[in-house]
Amino acid sequence: MIDEILDRIYPMPGTSKRQLTASVTEIACPRNSILMEAGKVVPHIYFIKEGIARAYAPAEDRDITFWFGKEGDPVVSMKSYVADLPGYEYIELLEDCILYRLETAALKDLFRQDIHMANWGRKFAEKELVKTEELIISRQFKTASERYQDLIKEKPDLLQRVQLGHIASYLGITQVSLSRIRAEMK
């Protein structure tokens, strides 16, 4: 499965991919684990083999969820990955997860050794940037109802696997408002 995940980002020749996958470690983590903490440099990137995670930032009286990841998705603190600086997000595992872990320092060494891996790393960063841009645009220009409809279309299984409180937070609304939107759609 790691080969498929890597290929979705950017296909590499077999020798490059084998070198990269040799640096990957498969780990299991229990539900409710905090994989990444705000204010700390995260020395790894992860890819989800099984399970679901969320990224959130604490606010005064609640957490604000701004990302969900599921099978095949990368889990990364871009600030740590790009600039080797402490991230601003917490990553919580919402289910028992099996993850592929890759040390950022080892990955950057591979980038220096192999142009195909360097291109893979560039495509990885570009895709994460586009996802962030889409999220910002969605938050600015779409209603909560439209964002909910997008979530149903793009990741329908999240509705079965994630607490409604986290989904409401992701949409930027209360659970009461989410219940109203869901009722209107029926």
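This text goes with the structure placed above it.
One structure accompanies this document, and this report is about it. Just so it is clear, the structure is predicted and the values come from calculations on it, not from any experiment.

**Topic: the nonpolar core**
Within the largest apolar cluster, 19 residues are counted, with the highest numbers of intra-cluster contacts made by Leu-20, Ile-45, Phe-47, Tyr-81, Leu-107, Trp-120 and Phe-124. Counting residues per element, the ones that place at least two in this core are helix H1 (2-9), strand S3 (44-50), strand S8 (97-103), helix H4 (104-113) and helix H5 (115-141). Sort the elements by how many residues they give to this core and H1 lands first, with four residues. In this view, Ile-45 contacts Val-75, Val-76, Tyr-81, Tyr-100, Arg-101, Leu-102, Thr-104, Leu-107 and Phe-124; residues no more than four positions away in its chain are not counted. Residues Tyr-148, Leu-159, Val-162 and Ile-181 belong to the second largest nonpolar core, which totals 16 residues.

**Some details on helix H8 (residues 164-171)**
Taking burial as the measure, the eight residues of H8 include six buried ones, the bulk of the element. Every buried residue of H8 is accounted for by His-166, Ile-167, Ala-168, Ser-169, Tyr-170 and Leu-171. Of the residues flanking the end of H8, it is Gly-172, one or two places downstream, whose phi is positive at about 80 degrees.

**Description of the pairing of strand S4 (residues 53-58)**
Two strands pair when backbone bridges link them, and S4 and strand S5 (residues 63-69) are joined in this way by six bridges, in the antiparallel orientation. Note that in S5 the partner of Arg-54 across the bridge is Phe-68. In sequence, S4 turns back onto S5 through a hairpin of four residues. In this structure, S4 lies alongside strand S7 (residues 90-93), joined through four bridges in antiparallel fashion. Each residue of the ladder has a partner; that of Arg-54, found in S7, is Glu-92.

**Side note on the pattern of salt bridges**
Considering all chains together, one arrives at 15 salt bridges under this definition. Residue Glu-92 pairs with Arg-54 through a salt bridge whose shortest N-O separation is 2.8 Å. Taken as a pair, Glu-92 in strand S7 and Arg-54 in strand S4 lie far apart in primary sequence, 38 residues in all. Relative accessible area serves as the criterion here: at 12%, Glu-92 is assigned to the buried category. Here Lys-70 makes a salt bridge to Asp-157, at a shortest N to O gap of 2.8 Å. Of the two residues, Lys-70 is situated in the loop between S5 and strand S6 (74-75) and Asp-157 in the loop between helix H6 (144-154) and helix H7 (158-161); the sequence distance between them amounts to 87 residues.

Calculation notes
- Residues numbered from 1 in each chain as written.
- Predicted model: local features only at pLDDT ≥ 70, side-chain atom pairs only at ≥ 80, totals over all residues.
- Heavy atoms only, no water.
- Core = buried A, V, L, I, M, F, W, Y, C linked by side-chain atoms within 4.5 Å.
- Buried < 20%, exposed > 50% of the residue type's maximum accessible area, 1.4 Å probe, protein only.
- Helix = DSSP H or I, 4+ residues; strand = E, 2+ residues; numbered from the N terminus.
- Contact = heavy atoms within 4.5 Å.
- Pairing = 2+ DSSP bridges.
- Salt bridge = Lys/Arg side-chain N within 4 Å of Asp/Glu carboxyl O.

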